[in-house]
Amino acid sequence: MASSSLPSAFLQSQFHLPQISPKPYSRRSSLTPITASISEKSSPINTSPVESSKLPIRKIPGDYGLPVIGPINDRLDYFYKQGKEEFFKSRSQKYQSTVFRVNMPPGPPIASNPNVIVLLDGKSFPVLFDVSKVEKKDIFTGTYMPSTDLTGGYRILSYLDPSEPKHAQLKQFMFYLLKTRRDHVIPEFNSTYTSMFESLEQTIASKGKVGFNDPGDAAAFSFLGKCYFGVDPAATNVGTDGPSLIAKWVFFQLAPILTLGLPAVVEEPLIHTTRLPAFLIKKDYKKLYDYFSSSAGDLLDEAEKMGLSRDEACHNILFAVCFNTFGGMKIFFPSILKYIGRAGVKLHTQLAQEIRSVLKSNGGEVTMAALEQMPLMKSAVYEAFRIEPPVPTQYGRAKRDLVIESHDAQFEVKEGEMIFGYQPFATKDPKIFERADEYVADRFVGEEGEKLLKNVFWSNGPETENPTVGNKQCAGKDFVMFISRLFVVELFRRYDSIDIEVASSALGSSITITSLKRATF
């Protein structure tokens, strides 16, 4: 999902901020600013074994089974018999390796070649970001690509490899979109989420609890419309249907790799072996397209100056806002609530104290500079991205013969083979992170904590790398991290603590808020 944080160097370059020194939290912290860039050259990522490596070269364990039968068996294990986590864990234990061969859904007949080489550790995983070694063409969703009928007939930016000329053109346009209304981010976020929290409070007062996901989705789409285009979608023909229209459209794209919790006998023929026809949602998609076409006139004018057609630019804006950014907020804001909510009152009090103290010293205003002075808040957000990345899978096709190194061995990969990384295992690598399976809110506080950020990969790149037109790191990486921080700040400037109940959903977590304790200090 294309989505991230506005580190200070990016803020300085894009938002004209002076450099600031973050205030320490509870232990010594230098918190060197993380930079972001829109330069045309991608920073190199070291993914090759060092020349002096003494690790043995090992044949990649695992196999793909018989044609058709093997992929179907793996698909049934993945969705129904084992589930995702056990699917990977059991095979890693069986082969005593974090690198192995397996078939990934959907398999035939939707995907003609489901064969992948799996990477589960944090040392081998970064090869998937090195576009000198892997190709990213048409693999955004994995071993299959949704029909372009779902995106106006265009291969959207997410499906382009950086070697394709259109990639740089479209990504530069995305950078322009991100910065053109930068001054509206904080005020629109504050306005939208103030209204949302007030509504949540009223429902809790009358009913004792309130679901977060639906009002959270409504607030997210409203905020994005007002922030990017100055037009609330609810005030147009889209009305309040925006989130449901997006959900249906995204489902038609991702259905082959999702489960609805239904029996296999129902789901297999319905969504895992046939593509849902795009014409069924043509009218819904047109309603979204018309909103963006009418609201983004200035952006589309700029797109034409860049050599893009208005139509292609509009479909890319729609995808970036609805699939990437809204999709990220839909998954990640509930995830933030889950982990911070479960962490308990002690963390809630620490966050409230830090956030309110910094805001007070900055005249009571939420500013980008103020957010940079909140190391615990920043770490708490990073940690949520680490422990449950909103985009769990990454793919890349080897451009040439490669040697990939895990902690224990080296593995030879042939040109053309598909490499797959399951990020929740890589970012919970116990050889990199202590207490890797635990949510540790202050993990990234201080100089030593900040060194670990290079192992946070949620944005299709290390957290310490920068999105450029020459790589595939999410163009909105810094924006998504920034609004995630804003979400935590808006929560704890208002409330001392929050109580929640958590359930699973098709995409992420379902959150019910049972208590919001108003600020008392």
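For the structure itself, consult the block above.
Quick caveat: nothing in here was measured; it's all calculated off a predicted structure.

The secondary structure content of the protein chain amounts to 17 helices and ten strands. The C-alpha atoms of the protein chain give a radius of gyration of 22 Å, which matches the 24 Å a tight globule of 521 residues would have. Principal axes of the C-alpha set define a box for the protein chain whose edges measure 65 × 55 × 50 Å. Within the protein chain, the fraction of its 521 residues that count as buried is 58%. As displayed, the protein chain offers around 20,900 Å² of accessible surface, 51% of which is attributable to carbon and sulfur atoms.

Evaluated as defined, the whole model comprises 29 salt bridges. The partner of Arg101 in a salt bridge is Glu417, and the shortest N-O contact between them spans 2.7 Å. Of this pair, Arg101 sits in strand β1 (residues 99–103) while Glu417 sits in the loop between β7 (410–413) and β8 (418–422), and the two are 316 residues apart along the sequence. Per residue, the accessibility class of Arg101 equals that of Glu417, and both read buried. In this structure, the salt-bridge partner of Asp290 is Lys286, at a minimum N-O distance of 2.9 Å.

For the rest of this paragraph, the subject is unusual backbone geometry. Cis peptide bonds are those with omega within 30 degrees of zero, and the linkage from Pro105 to Pro106 qualifies with 10°. Along the chain, Pro106 falls in the loop between β1 and β2 (115–119). Omega for the peptide link from Pro108 to Pro109 comes to 5°, which places this bond in the cis form. As for its position among the elements, Pro109 is in the loop between β1 and β2. Its identity is not glycine, yet Asp138 carries a phi of approximately 60°, on the positive side. Turning to its location among the elements, Asp138 is positioned in the loop between β3 (134–135) and α4 (165–180). Despite not being glycine, Asn460 has its phi angle at roughly 70°, a positive value. Here Asn460 lies in the loop between α16 (446–451) and α17 (477–494).

The five strands lie next to each other as β1-β2-β8-β5-β3, forming an open sheet whose pairing is mixed. Edge positions in the sheet fall to β1 and β3, since each has one partner strand and no second. Relative to strand β5 (residues 393–398), β3 runs antiparallel, the two sharing two bridges. Note that in β5 the partner of Val134 across the bridge is Ala398. In this fold helix α3 (residues 84–95) packs onto β1, β2 and β8, with an angle of close to 130° to the strand it touches most, β1.

In the contact formed by helix α6 (residues 213–229) and helix α7 (residues 242–254), the axes pass within 9 Å of each other and the chain directions differ by 95°. The orientation of α6 with respect to α7, classified from their angle, is roughly perpendicular. Here Asp217, Ala218 and Phe221 of α6 lie close against α7, whose contacting residues are Gly242, Pro243 and Ile246. Taken together, the residues that form the contact of α6 with α7 break down as four nonpolar, one polar and one charged.

Within soluble globular proteins, side chains that are nonpolar tend to cluster in buried spots. Residues Tyr193 and Trp249 are the most contacted members of the largest nonpolar core, which totals 119 residues. Broken down by element, the residue count for this core peaks at 17 residues, all from helix α11 (residues 310–343). Leaving out residues up to four positions away in the same chain, Tyr193 has contacts with Gly216, Ala219, Ala220, Phe223, Met329, Phe333 and Phe487. Judged by nonpolar contacts, the second largest core, of 19 residues, contains Val99, Leu119, Leu128 and Leu402.

Scanning the entire structure with this criterion turns up 44 aromatic pairs. With centroids separated by 5.8 Å and ring planes inclined at 85°, the aromatic side chains of Trp249 and Phe319 adopt a geometry described as edge-to-face. Of this pair, Trp249 sits in helix α7 while Phe319 sits in helix α11; the two residues are 70 residues apart in sequence, bridging distant segments of the chain. There is no split in this pair, since Trp249 and Phe319 are both buried. On the basis of an interplanar angle of 25° and a centroid distance of 3.5 Å, the ring pair of Phe332 and Phe385 is categorised as stacked. Of this pair, Phe332 sits in helix α11 while Phe385 is found in helix α14 (residues 375–387), placing the two residues 53 residues apart along the sequence. You'll find Phe332 and Phe385 in the same group, each marked buried. Above the face of the Phe521 ring, Arg356 is positioned so that its terminal group lies 4.3 Å from the ring centre. The ring of Phe433 has Arg386 lying over it, and the distance from NZ or CZ to the ring centre is 4.9 Å.

Within the fold, Glu268 resides in helix α8 (residues 264–272). Polar contacts involving the side chain of Glu268 include one to the side chain of His272, which spans 2.7 Å. Every residue in contact with Glu268, bar those within four places of it in the chain, is listed here: Arg75, Leu76, Tyr80 and Thr273.

On to the sheet that holds strand β4 (residues 210–211), then. Taken in spatial order, the three strands make up an open sheet running β4-β10-β9, and their pairing is antiparallel. The sheet is open, and its two borders are formed by β4 and β9 (495–504), each paired with just one other strand. Here β4 pairs with strand β10 (residues 509–518) via two bridges, running antiparallel. Opposite Val210, over in β10, you have Ile513 as the bridge partner. The strands touched by α11 are β9 and β10; relative to β9, the strand with the most contacts, the crossing angle is about 115°.

Moving on to the state of the cysteines. In total, this model carries zero disulfides according to the counting rule given. For the unlinked cysteine Cys227, the closest cysteine sulfur is that of Cys322, found at 14 Å. Left unpaired, Cys322 is separated from the closest cysteine sulfur, that of Cys314, by 9.9 Å. The class of Cys322 is buried, set by a relative accessible area of 1%.

Geometrically, a packed helix pair is captured by the angle between its two axes and the distance between the axes. Remark: α11 packs on α14, axes separated minimally by 10 Å, with the N-to-C direction vectors making an angle of 110°. Relative to α14, the element α11 lies roughly perpendicular. When α11 is examined against α14, the residues Phe332, Ser335, Tyr339 and Ile340 are found in contact with a partner set consisting of Ala380, Val381, Ala384, Phe385 and Ile387.

What counts and what doesn't
Along each chain, numbering runs from 1 in the same order as the chain's sequence is written. In keeping with the predicted nature of the model, local features appear solely for residues at pLDDT of at least 70, side-chain atom pairs appear and are counted solely at 80 or more, and the whole-chain, interface and lining totals rest on all residues. To obtain the side-chain values, all non-hydrogen atoms of the structure were included, while hydrogens and water were left out. Only DSSP runs of H or I with at least four residues qualify as helices, and only runs of E with at least two residues qualify as strands; both kinds are numbered from the N terminus onward. Only the C-alpha atoms count toward the radius of gyration. The rule for a globule is 2.2 Å times the residue count to the power 0.38. For the exposure calls, accessible area comes from a 1.4 Å probe over protein chains only, and a residue counts as buried if that area is under 20% of its type's maximum, exposed if over 50%, partly exposed in between. Residue burial considers only the protein chains on display, and all accessible areas are found by Shrake-Rupley using a 1.4 Å probe. When a carboxyl oxygen of Asp or Glu lies within 4 Å of a side-chain nitrogen of Lys or Arg, that pair is called a salt bridge. Think of it this way: DSSP has to see at least two bridges between two strands before they count as a pair. Whether two residues touch is decided by their heavy atoms; if any such pair falls within 4.5 Å, the residues are in contact. In this analysis, axes come from line fits to C-alpha atoms, helices being fitted only over the stretch in contact, and the angle between any two N-to-C directions falls in the range 0 to 180 degrees. An angle counts as roughly parallel when it lies under 35 degrees, as roughly antiparallel when it exceeds 145, as roughly perpendicular when it falls between 65 and 115, and as oblique in every other case. Just so you know the grouping, Ala, Val, Leu, Ile, Met, Phe, Trp, Tyr, Cys and Pro go in nonpolar, Asp, Glu, Lys and Arg go in charged, and all remaining residues, Gly too, go in polar. Only buried Ala, Val, Leu, Ile, Met, Phe, Trp, Tyr and Cys residues count toward a nonpolar core, and they belong to the same one when joined by side-chain atoms within 4.5 Å. Any two rings among Phe, Tyr and Trp, with Trp reduced to its six-membered ring, count as a pair given centres within 6.5 Å; such a pair is stacked if its planes are under 30 degrees apart, edge-to-face if over 60, and tilted if neither. A ring is scored as having a charge over it whenever the NZ atom of a lysine or the CZ atom of an arginine sits within 6 Å of its centre and within 35 degrees of its normal. Within 3.5 Å is the distance limit for a polar contact, defined as a pair of N or O atoms, with the added protein rule that one can donate a hydrogen and the other accept it, and that residues adjacent in sequence qualify only through two side-chain atoms. Cysteine sulfur atoms that come within 2.5 Å of each other are treated as a disulfide pair.

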